[in-house]
Amino acid sequence: MSFKKIVLAILSIAILFLISCGERQNLRYFKGAIATVHPLATETGMDILARGGNAIDCAVAVGFTLAVVYPQAGNIGGGGFAIIYINDSSYVTTLDFREKAPIFAKQDMYLDTAGNIIENASLLGHMAVAVPGTVAGLLEMYRRFGTLPLEDLIDPAIKLADSGFAVYEILEQELEASRDQLAQFETTRAIFFKNGEPLRKGERLVQTDLAETLKRIRKYGRSGFYGGRTAALFEASSLEAGGIITQTDLREYMPVWRAPIVFDFHNLRVFSMGPPSSGGILLAQIFNMMEDFDLSSGDPYNPLFVHLFTAACKRAYADRAEYLGDIDFVDIPVQELISQGYARNRIADFDPTQATPSNMIDAGHAWRESESTTHFSIVDQYGNAVGITYTINASFGAKVIVDSLGFFLNNEMDDFVAKPGEPNLYGLVGGEANKIEPQKRPLSSMSPTLVFRGDSLLMVTGSPGGSKIITTVALSILRYFQFDMSLAHAVNQPKYHHQHLPDILYYEIGALEKSEASKLEEMGYTLKEISAYGNLNVVARKSPEKRWEAESDRRRRGKAATVY
Ligand code: DON
């Protein structure tokens, strides 16, 4: 070996040693990683992590902050799901704080006397509202796992509501897109309009009523929202406008701890949300159906892979319409649906050369894209993790602000089946299992998800996107692990989606090259190019020795950060 080669070898070893020291040093000072849809929410969360708060403290603070700075989806007037990993006890659990139908809800409440759907009834104003669960959910996860004083976790939100912040471009666009519907409600105009026009970029959004509502939560906890002045004003506002939510609905609302859905895919173990979300079961079905196939092409845009993924999605979404609903109301054959044997049977008629039309796929035997849901992912220095997806359904929910309370109400009732066979806002159809019943939770697609290899947590993922949430989450996992993409690519590269009905393979602009699209058309697919959807906020690492990375869909200008 020449002298030069020896020197080079020594230098390389020295550099590798320094890099590995750097990694260890970094790990020693690591305080957490976070990705959310809004920089102010991420900064609130970073501060909590830097002060030694755990992932749950951080999630509670972020949840309340987004209710202020991201009113199109961040909320206290909606509901959602949390997936939580507690490192000390290697314990994964989920919290269901999905909204519930009011006690006075009826199966046909959105139909006219001829049995037709009344336009917008399940989408706009007080009749569309389900009993909110977010405040109960955030407080329950804090009660069980929080460590910092609750005031410290709500104060940042109160400050931002009281002192206001500058309207940012995406909020301006969203207000503009919904202006006619928002303008129908005086309480909404009073806060989000100025001189008859929606607020513009740079104008200050001050939310004094919301700050007061948050202060009551800070002071009285759960009953600061589900009782007292807030509940009284909520009921009065609802009944006056023809709604049906009463103080009893609010008082009786309870979040529920539920076991996660768990499945394996090659050497990964995935934990996700069970019913009343359809996310975990559908992810399990989609991955199980793909498990026996050769995915070694290394390319998620290869038409053969798109074809297989789509075939699995079609079958899983067909089952969704037939079987899934609120597990407290309907029997769901969960274990069978997520079993490997069931998946094998389901995909047995897969033809690698031809698309099977959706009308030939029944259930097995056993848009408009808007910024209306949001997901955030957090890991802390102690190894705990939280993923939360929460929503008011459509952008700004039912568009109505509760008088004197300052927050938007959800229109989650639209996630029920108003009439069998009629598509909802996301084109989803369904039947009996998801019909409206008093105090039942509407079926959701929200899928906060954790991915492990062995005992090591490697990813917290989730996204908005209505029915497209499930395929978005599936692709984030496949692209990062199966196709070994960087986190930036796994999160930001264009996606595709199929939900059985309508029988259309949707793809984001740029997802498929002309040749790839033609190949799929030859196989029998109807393709439709659509604008960007979803908004992945993910923290992940490729292996336990690697540093955590965080990534927030760059098209939506959120913020992802690691904290040291
Ligand atoms: O729970 C659900 O599945 C829907 N309400 C989620 C809505 C949604 O993701 C809208 N986002 N773009």
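The rules behind each value
Residues numbered from 1 in each chain as written. Predicted model: local features only at pLDDT ≥ 70, side-chain atom pairs only at ≥ 80, totals over all residues. Heavy atoms only, no water. Near = heavy atom within 4 Å. Polar contact = N/O pair within 3.5 Å; in protein donor to acceptor, adjacent residues only side chain to side chain. Nonpolar A, V, L, I, M, F, W, Y, C, P; charged D, E, K, R; others polar. Phe/Tyr/Trp six-rings, centres within 6.5 Å; stacked < 30°, edge-to-face > 60°. Helix = DSSP H or I, 4+ residues; strand = E, 2+ residues; numbered from the N terminus. Buried < 20%, exposed > 50% of the residue type's maximum accessible area, 1.4 Å probe, protein only. Contact = heavy atoms within 4.5 Å. Pairing = 2+ DSSP bridges. Expected span 1.5 Å × (residues − 1).

How should the site of the ligand be read in this particular structure?
The environment of the ligand is made up of 17 residues, and the closest members are T373, E412, D415, S444 and S445. For the ligand, an oxygen atom lies 2.7 Å from a polar atom in the side chain of T373. In the environment of the ligand, a nitrogen atom lies 2.6 Å from a nitrogen or oxygen atom belonging to the side chain of D415. Partitioning the shell around the ligand into residue classes produces four nonpolar, nine polar and four charged.

Is there a simple way to think about the packing of aromatic side chains in this case?
For any pair of aromatic rings, geometry is given as the distance between the ring centres together with the angle between the planes. Under the definition given, this model contains 21 aromatic pairs. Arranged with centres 4.9 Å apart and planes meeting at 80 degrees, the rings of Y85 and F452 form a pair that is edge-to-face. Ring centres of F396 and F408 lie 5.3 Å apart, and the angle between their planes is 55 degrees; on these two criteria the pair is classed as tilted. Of this pair, F396 sits in the loop between β12 (385-391) and β13 (449-453) while F408 is found in the loop between β12 and β13, placing the two residues twelve residues apart along the sequence. Through pairs of rings, three or more aromatic residues link up here, namely F225, Y226, F234, Y253 and F407.

What is the right way to look at the side chain of T93 in this model?
Mapped onto the secondary structure, T93 falls in strand β3 (residues 91-97). On the basis of relative accessible area, T93 is assigned to the buried category, the value being 4%. Aside from chain neighbours lying at most four places away, what touches T93 is A82, I83, I84, F145, W257, R258 and P260.

How should the sheet that holds strand β16 (residues 505-508) be read in this particular structure?
Sheet strands line up and pair through hydrogen bonds in the backbone, either parallel or antiparallel. The sheet built from three strands is open, its strands ordered β15-β16-β17 with mixed pairing. The open sheet is flanked by β15 (496-497) and β17 (527-530), the only strands paired with a single partner. Across two bridges, the pairing between β15 and β16 is antiparallel. Counted as the bridge partner of Y496 is Y507 from β16.

What exactly am I supposed to notice about helix α13 (residues 279-290) here?
Given 3.6 residues per helical turn, the α-helix brings residues three or four places apart onto the same face. If you check α13, its first and last C-alpha atoms are 17 Å apart, about what twelve residues at 1.5 Å a residue would give, namely 16 Å. In terms of burial, α13 is largely enclosed, as twelve of its twelve residues are buried. Listed in full, the buried residues belonging to α13 are G279, G280, I281, L282, L283, A284, Q285, I286, F287, N288, M289 and M290.

Taken by themselves, the reported measurements are silent on function.
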